[in-house]
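Structural overview
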Amino acid sequence: MCFKNLPIEFDSAGKAQLKEGVKDPYAFEPVELKSYARPADGPGAKLGAPPKLRDWNIDPMTRVAGSLAVHTVLDLEEKKAVDCHSIASLFRGYEIILEGRDPRDAIDISSRACGVCGGVHATVSALATEMTFGICPPPLGVECRNLGEVGEYFYDRPLHLGLLAGPDYSTSLVSITNPELVTLAEKTLCRHGDIHGYRTIKDIMDALNPLTGRIYLEALEWTRVGRVMCQIMLGKYPHPSTIVPGGMSCTISVSSFNEFYTQLGKIFDFCKVITRIWDDLMDFFLEANPEYEQVGARPTNIAQTGVFDNSEVYDATYANMNEWGNARWNVPGMVIEGKLVTTNLTDINVGFEEFIEHSFYDDWTKGAPQRFKTDPLGNPLSPHHPWNKRTLPRPTGKNFKEKYTWDTAPRWDRQSIETGAYGSVWVTSLAGQTVDNPFMESTGDGMRMVMPRHELPEDELYWKVPRTLNAMERNRARAYAMANSAAVGMNIMLKALEYWRRGETAISTPFKVPKDERIGVGFWEASRGWLVHHMHIDKGKLLNYQITTPSTLNAAPRDPFGTPGPYEEAVVGTPILESVRDEDIKGIDILRTIRSFDPCMPCTTHIDTGIGTIVREVNSCGCTLE
């Protein structure tokens, strides 16, 4: 039994069903939101004068992708954040744009949902289309698609570590908020200086200085390497031109693999260095002040959908989704309160809901019958499931007790869940079920990764599941997630070459667009984690298309049960550790908390004027022609 809040139980054969005797199993009464700012008792409550509260708001949030506002309340007496609201301030509307279109257009259009991670949207859209159409790519097509995604991750993760989150730990910023740490960093030798080349922690902090630091500037070059890898397989980036239903449309040759491996070898060396840099830096902060363990801390509730398909198992069917999902190099999984409760994609799908009590949308469950009460296997579905969802924008005035964001509140088993690159190694480590290979092994409490020799010698890395999910560990694990992707990439490369040598060179499967009614779903992961597209077609047209992204989960508002979203929950309780006067506080630890999630807001909230009409359709490639 993996659900404790939903009215779902499993019979002796493992089939999910609604609990008997429950009249309206998915019904609920929204609770009145409580205020975190002035508790009646407990920490922060004082006899006499109220706590010294200060509104600390940033709008827009800087060094993130897209439009994000964060409104917080700081208690300067207790030295911590006591309230937070995460606001996705831009609505776009890709779900509305896709209604009525040819299903094949979803790959090209949905990839425009984000200019940072368009490849993953194209890929997950292809997966959803394959399931809906009833087709599967040839084995080499699966592996080439995997390789393209390996390249995309290598573009995104240096961007976060070097240019977005990294500057929060730089000398230029820390000298303003905690000058004593800069002094201590000058005297603290790096444990791994022989590998990464920095002698003291201050040398690392100097290298993270925006615009001038060595790590900052090198990160730009590493993102270029990732883009080169992408274009070899994906044609171009950020919006691929070679991902199609049933595989790939690129021209593959021996040169393609040689060029890809040339770049992959460089990544091996980078991973050997960047993981040790973040180990030294994060250990320094945690040892200098153990309270940093509580910066951005929240319950360990992590949702991952898995990535990198096994070409020997993947068949694109819903019926076999648990088998091919568990065969992925990075497995899907739900971690609740630190425990891995399931790795089955069917469980992940049926337990997922979206709520809009505090979002600028109308409730699609009112006034219309529930379209899908079960999934294709007969498992029960909530009225709030994406297959039943309609995107009904309804902008109103902002009110924190009512509606305040364009993001929805996704929940699994009605619990607040986060996702990220760190979640991918976290779940795979706990699952402990990697296939035998020379480059990576999940141990049940961590992950061993071997980086082959390139210019630097072969090196073994080990990431251990931390005891607390916080800002420091999200950043550290993201560096190790890059090494994990490199290890996976090496395995995929060898598998692709094996198919090539055997003469199995086909990379796509012919198909026709079905004219009957069908549904499908694509499960994949962006560099930031969870990425799911739900599709419903009939008469060769899209009736409904729903996109759920990593930041849809992470930037979520309160749900109808009163639980904050992950950003909000991570901020509340974060200590204010700046060693400056109250009037000089910059809120750096709030910023570190939010940026540790690597927010990407463009595809969190999907442009629709509400009055326009489609007057012309433009097909972007020949694959959309009959």
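Residues numbered from 1 in each chain as written. Predicted model: local features only at pLDDT ≥ 70, side-chain atom pairs only at ≥ 80, totals over all residues. Heavy atoms only, no water.

**Structural notes on the overall build of the protein**
Looking only at helices and strands, the protein has 17 helices and 18 strands in total. The C-alpha atoms of the protein give a radius of gyration of 24 Å, which matches the 25 Å a tight globule of 626 residues would have. Overall, the C-alpha framework of the protein stretches about 70 × 60 × 55 Å when taken along its three principal axes. Within the protein, the proportion of its 626 residues that are buried is 63%. Computing the positive centroid from 65 side-chain charges and the negative centroid from 81, the protein places the two 3 Å apart. (Helix = DSSP H or I, 4+ residues; strand = E, 2+ residues; numbered from the N terminus. Rg over C-alpha atoms; globule rule 2.2 N^0.38 Å. Buried < 20%, exposed > 50% of the residue type's maximum accessible area, 1.4 Å probe, protein only. Lys, Arg positive; Asp, Glu negative; His and termini not counted. Charge placed at Lys NZ, Arg CZ, Asp CG, Glu CD.)

**A closer look at the packing of aromatic side chains**
All chains considered together, the criterion is met by 23 aromatic pairs. Where Phe28 meets Phe561, the ring centres are 5.3 Å apart and the plane angle is 65°; that geometry is what we call edge-to-face. Of this pair, Phe28 sits in the loop between strand 2 (16-18) and strand 3 (53-58) while Phe561 sits in the loop between helix 15 (550-554) and helix 16 (566-571), and the two are 533 residues apart along the sequence. When its relative accessible area of 27% is taken as the criterion, Phe561 is described as partly exposed. An aromatic cluster is built from Tyr169, Trp278, Phe284, Phe285 and Tyr292, whose rings are joined through pairwise contacts. In this structure, Arg157 is placed above the aromatic ring of Tyr153, and the distance from its NZ or CZ to the ring centre is 4.4 Å. A cation over a ring is seen here: Arg474 above Phe597, with NZ or CZ 4.0 Å from the ring centre. (Phe/Tyr/Trp six-rings, centres within 6.5 Å; stacked < 30°, edge-to-face > 60°. Lys NZ or Arg CZ within 6 Å of the ring centre and 35° of its normal.)

**Considerations on helix 3 (residues 118-133)**
Owing to its 3.6 residues per turn, the α-helix brings residues three or four apart onto one side. Between the first and last C-alpha of helix 3 there are 22 Å, a value that for 16 residues agrees with the 22 Å anticipated at 1.5 Å per step. Most of helix 3 sits inside the fold, with 16 of its 16 residues counted as buried. Following helix 3 by one or two positions, Gly134 has its phi on the positive side, about 80°. (Expected span 1.5 Å × (residues − 1).)

**Describing the pairing of strand 18 (residues 541-548)**
Counting buried residues in strand 18 gives 6 out of 8 residues, a clear majority hidden from the surface. As judged from the 7 bridges shared by strand 17 (residues 529-538) and strand 18, these two strands associate in the antiparallel manner. Within strand 18, the position partnered with His534 by the bridge is Gln546. Hairpin connection of strand 17 to strand 18: 2 residues between the antiparallel strands, including Lys539 at a positive phi of 55°. (Pairing = 2+ DSSP bridges.)

**Section: the sheet that holds strand 13 (residues 440-442)**
If you trace the 3 strands from one edge of the open sheet to the other, you get 13-14-15, paired in antiparallel fashion. At either margin of the open sheet sits one strand with a lone partner, and together these are strand 13 and strand 15 (459-464). When strand polarity is set aside, the average angle formed by the axes of neighbouring strands in this sheet is 10°. As judged from the 6 bridges shared by strand 14 (residues 446-451) and strand 15, these two strands associate in the antiparallel manner. Its bridge partner lying in strand 15, Gly446 is registered against Lys464. Contacts from helix 13 (residues 421-431) reach strand 13, strand 14 and strand 15, with the element oriented near 110° to strand 14. (Axes fitted to C-alpha atoms, helices over the stretch in contact; angles between N-to-C directions. Contact = heavy atoms within 4.5 Å.)

**Section: the nonpolar core**
Ranked by size, the top nonpolar core spans 159 residues in total, and within it Ile204, Met233, Trp278, Leu281, Phe285 and Met451 carry the most contacts. If sequence neighbours within four positions are ignored, Ile204 has contacts with Cys190, His196, Tyr198, Ile215, Ile277, Asp280 and Leu281. (Core = buried A, V, L, I, M, F, W, Y, C linked by side-chain atoms within 4.5 Å.)

**Some thoughts on the environment of Lys366**
Looking at the secondary structure, you find Lys366 in the loop between strand 11 (352-355) and strand 12 (409-412). On the basis of relative accessibility, which here comes to 66%, the residue Lys366 falls in the exposed class. Considered as a pair, Lys366 and Pro452 are 86 residues apart in the sequence and their alpha carbons are 57 Å apart.

**What to know about the state of the cysteines**
Within the structure shown, the criterion is met by 0 disulfides. Residue Cys271 stays outside any disulfide, its sulfur separated by 15 Å from that of Cys230, the closest cysteine. (Disulfide = S-S within 2.5 Å.)

**Some words on the environment of His534**
Along the chain, His534 turns up in strand 17. Residues contacting His534, with those up to four places away along its chain left out, are Asn349, His385, Pro386, Trp387, Gly520, Val521, Asn544, Tyr545 and Gln546. A polar side-chain atom of His534 sits 2.9 Å from a polar atom in the side chain of Asn349. (Polar contact = N/O pair within 3.5 Å; in protein donor to acceptor, adjacent residues only side chain to side chain.)

**A short note on the packing of helix 4 (residues 139-164) against helix 9 (residues 214-234)**
Running from N to C, helix 4 and helix 9 point in directions that differ by 165°, and their axes come no closer than 8 Å. Put simply, helix 4 runs roughly antiparallel to helix 9. For the crossing formed where helix 4 meets helix 9, the hand is left-handed. Between helix 4 and helix 9, the contacting residues are Cys144, Leu147, Gly148, Val150, Gly151, Glu152, Phe154, Tyr155, Pro158, Leu159, Gly162 and Leu163 on the first element and Tyr216, Ala219, Leu220, Trp222, Thr223, Gly226, Arg227, Met229, Cys230, Met233 and Leu234 on the second. (Parallel < 35°, antiparallel > 145°, perpendicular 65-115°, else oblique. Left-handed = near helix turned anticlockwise from the far one by under 90°.)

**Digging into the confidence of the model for the protein**
Across the protein, the average pLDDT comes to 89, with 92% of residues at or above 70. In the predicted structure, residues 42-49 sits below a pLDDT of 50 and forms 9 contacts with residues beyond four places in sequence or in another chain. Segment residues 603-626 is flagged for pLDDT under 50; beyond a separation of four residues in sequence, or across chains, it makes 49 contacts in the model. (pLDDT = per-residue confidence, 0-100.)

**Focus: the sheet that holds strand 4 (residues 68-75)**
The strands making up a sheet associate through hydrogen bonds between their backbones, and the pairing can be parallel or antiparallel. Judged by pairing direction, the sheet is antiparallel, and its 3 strands sit side by side in the order 3-4-5 without closing on themselves. Every interior strand has two partners, whereas the edge strands, strand 3 and strand 5 (80-88), have only one. If you compare each strand with its neighbour and ignore which way they point, the axes differ by 15° on average. Two strands pair when backbone bridges link them, and strand 3 and strand 4 are joined in this way by 6 bridges, in the antiparallel orientation. Its bridge partner lying in strand 4, Trp56 is registered against Thr72. Against the sheet, helix 17 (residues 588-595) engages strand 3, strand 4 and strand 5, with an angle of about 140° to strand 4.

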